[in-house]
Amino acid sequence: MTAYSPVQVKPPSTLATPRRLERFLCLDDFETVARRRLPRQIYGYYSGAAETNRSLRANRESYAALALLPRVLVDTRARSTVASLFRKSFSLPVGIAPMGLSALSSFRGDIVLAQAAAAEDALMVASATSLTPLETMAIEGGTRWFQAYLPGDRERIGAMLRRVDAAGFETIVLTADVQVPANRENNARTGFSMPLRPTPRLFWDGARRPRWSLGTFLRTLARGMPHFENMDAFRGPAILSRSAERNIGTRDGLCWEHVAFMRDNWKGRLVVKGILSPEDVALARTAGLDGVWLSNHGGRQLDSAIAPLLMLQEAAREAGEMAVLIDGGIRRGTDVLKALALGADFVFVGRPFLYASVAAGTAGVRHALHLMRAEIARDMAMLGVNTIGELSPAHVRRFAAP
């Protein structure tokens, strides 16, 4: 594998905001449009979490519980939102998290997200549950990060590593917190299943949203029945099926021995996603990983799992030289600065970028990245810092209990 070399980031895009996007003033604004345009089952899949949605709410609450302590009379005219990760520079310290079934949000949604990120010198991670082959995402989208779900089976892990390497990816993100399917009651209530079952309810809901049905679903079908492309080293089942089941082996058998096997057989960067415990961070460091990604899967796995932000400082102390990444509940520039101040090297956002693709395709995702970068730059000025590296725990306080 070829290591990244330091690069000079291109200046952020200065193109005027398209008129049709001027009404989107923050990331949350995109969800309103997505809720209206997507079929109820698809929107419910993207927006929902597990059981009571407690962890989903806790992720946002963890940021709301923190206050920023600004410094004033600081010359911040030279401020920059540029951030580096694994010796590569990006225009902002925010990446697009891997999200399954993105191709149902907009036509070729995985490519939309990847190309928007590339155009803005941002980072995007390709998803294992994509309907687009990872090889296509590498060629057309330019992404070099791949998120994997893997079974506890060395032969199948090895085959997947060879496929990802041949496609030119440089970083694998092993997702470790999907040992078993989560209890996503909202999916049952909306009639969503994966693979999708062709039911009258599904067709009726699609018929009520012709923009999505014609512009996304039927255009996708016109290219051939989409499949789960990247769950294994071979092509998976079709997305629309009455009987097919995804089968990648037993993930509840995946353990640190398999991580060691991956480290021995993968020469690129290796990150484990879904870690929350400092003890697991320490094990990751001992295993020679390049990074840990603090995540509770957006609240979509273990309900009541602790918010990643609450574990960030402990994790950062255990990480040593490893990069510390984080997601979950990040919606504003102030959220980004809080996470960076408490020890994160990079943060990731998922759902809002997906909703932006529903609203306006590539242009919508680029606009969402513009909004986030503008918020971070503005907040840095008011906080009194010029670079991401100046942020520290001294900039953060916990709100006093009422």
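For the structure itself, consult the block above.
Residues numbered from 1 in each chain as written. Predicted model: local features only at pLDDT ≥ 70, side-chain atom pairs only at ≥ 80, totals over all residues. Heavy atoms only, no water.

Colleague: Mind showing me how you'd approach the pattern of salt bridges here?
Modeller: Close approach of charged atoms allows side chains with opposite charge to pair. Summed over all chains, the structure comprises 16 salt bridges. For D205, the salt bridge is made with R209, and the minimal N-O distance between the two is 2.8 Å. One exposure class covers both D205 and R209, and it is buried. Across the pair R332 and E375 runs a salt bridge whose closest N-O atoms are separated by 2.9 Å. Note that R332 is positioned in the loop between β10 (323–327) and α13 (333–341) and E375 in helix α14 (residues 351–383), a separation of 43 residues in sequence. (Salt bridge = Lys/Arg side-chain N within 4 Å of Asp/Glu carboxyl O. Buried < 20%, exposed > 50% of the residue type's maximum accessible area, 1.4 Å probe, protein only. Helix = DSSP H or I, 4+ residues; strand = E, 2+ residues; numbered from the N terminus.)

Colleague: Would you take a moment to explain the environment of A323 for this structure?
Modeller: Take A323: it is sitting in strand β10. The class of A323 is buried, set by a relative accessible area of 8%. Through-space distance from the C-alpha of A323 to that of G291 is 4.4 Å; in sequence the pair is 32 residues apart. Look past the residues within four positions of A323 in its chain and what remains in contact with it is L85, F86, D290, G291, V292 and D345. (Contact = heavy atoms within 4.5 Å.)

Colleague: Where do I start with the packing of aromatic side chains in this structure?
Modeller: Aromatic ring pairs are described here by two measures, namely the spacing of the ring centres and the angle between the planes. All told, the structure shown has 11 aromatic pairs when counted by the stated rule. The interplanar angle of 45° and the centroid separation of 6.4 Å between the aromatic rings of W145 and F348 together place this pair among those described as tilted. Here W145 is found in strand β6 (residues 145–148), whereas its partner F348 is found in strand β11 (residues 346–349), with 203 residues between them in sequence. Grouping residues by exposure puts W145 and F348 together as buried. Between F346 and F348 the ring centres are 5.7 Å apart and the planes differ by 50°, which places this aromatic pair in the tilted class. Of the two residues examined, F346 and F348, each falls in the buried class. Lying across the ring of W293, K273 places its NZ or CZ 5.5 Å from the centre. (Phe/Tyr/Trp six-rings, centres within 6.5 Å; stacked < 30°, edge-to-face > 60°. Lys NZ or Arg CZ within 6 Å of the ring centre and 35° of its normal.)

Colleague: Mind showing me how you'd approach the layout of surface pockets here?
Modeller: The gaps left among the atoms become clear once a water-sized probe is rolled over them. For the second largest pocket, the calculated volume is near 480 Å³. Lining the second largest pocket are 26 residues, with A176, D177, V178, Q179 and G274 positioned closest to its centre. Of all the secondary-structure elements, those providing two or more residues to the lining of the second largest pocket are β7 (171–175), α10 (256–265) and β8 (269–275). For the lining of the second largest pocket, the leading source of residues is β8, giving 3 residues. Across the lining of the second largest pocket, the residue classes break down as 16 nonpolar, 7 polar and 3 charged. (1 Å grid on protein atoms, 1.4 Å probe; cavity = no way out; pocket = protein on both sides within 12 Å on 5 of 7 lines; lining within 4 Å. Points joined across faces, edges and corners; volume = space filled by probe spheres on them. Nonpolar A, V, L, I, M, F, W, Y, C, P; charged D, E, K, R; others polar.)

Colleague: Honestly, the pairing of β11 in this entry has me stumped. Any pointers?
Modeller: Alternating positions in β11 separate into two faces, F346 and F348 on one and V347 and V349 on the other, with burial throughout. In the sheet, strand β4 (residues 94–96) pairs with β11 via 3 bridges, with the strands oriented parallel. Counterpart to I96 in the pairing with β11 is V349. Sheet topology places β10 next to β11; 3 bridges connect them, and they run parallel. Within β11, the position partnered with I326 by the bridge is V347. Remark: the β10/α13/β11 crossover connection has right-handed handedness. (Pairing = 2+ DSSP bridges. Right-handed = clockwise from strand over helix to strand, strands pointing away.)

Colleague: Mind showing me how you'd approach helix α12 (residues 308–319) here?
Modeller: Within the sequence span of α12, burial applies to P308, L309, M311, L312, A315 and A319. Here the buried residues of α12 occupy an arc of 140° about the axis, which is enough to place them on one side. At the C-terminal side of α12, G320 shows a positive phi close to 65°. (Arc of directions from axis to C-beta.)

Colleague: I would appreciate a short explanation of the packing of helix α4 (residues 109–119) against helix α5 (residues 134–141) in the present structure.
Modeller: Between two packed helices, what matters for the description is the angle formed by their axes and the separation of those axes. Viewed as axis vectors pointing N to C, α4 and α5 meet at an angle of 35°, and their least axial separation amounts to 9 Å. Seen from above, α4 lies across α5 with right-handed handedness. Along the contact surface, α4 presents D110, I111, A114, Q115 and A118, while α5 presents T136, M137, E140 and G141. Residues that form the contact of α4 with α5 fall into these classes: 4 nonpolar, 3 polar and 2 charged. (Axes fitted to C-alpha atoms, helices over the stretch in contact; angles between N-to-C directions. Left-handed = near helix turned anticlockwise from the far one by under 90°.)

Colleague: Any chance you could explain the packing of helix α6 (residues 154–166) against α10 here in plain terms?
Modeller: Contact geometry for α6 and α10: axes closest at 11 Å, N-to-C directions at 35°. Along this stretch, α6 crosses α10, giving a crossing that reads as right-handed. Across the interface between the two elements, R154, I157, G158 and L161 from α6 touch E257, H258, F261, M262 and N265 from α10. When the residues that make up the contact of α6 with α10 are grouped by side-chain class, the tally is 4 nonpolar, 3 polar and 2 charged.

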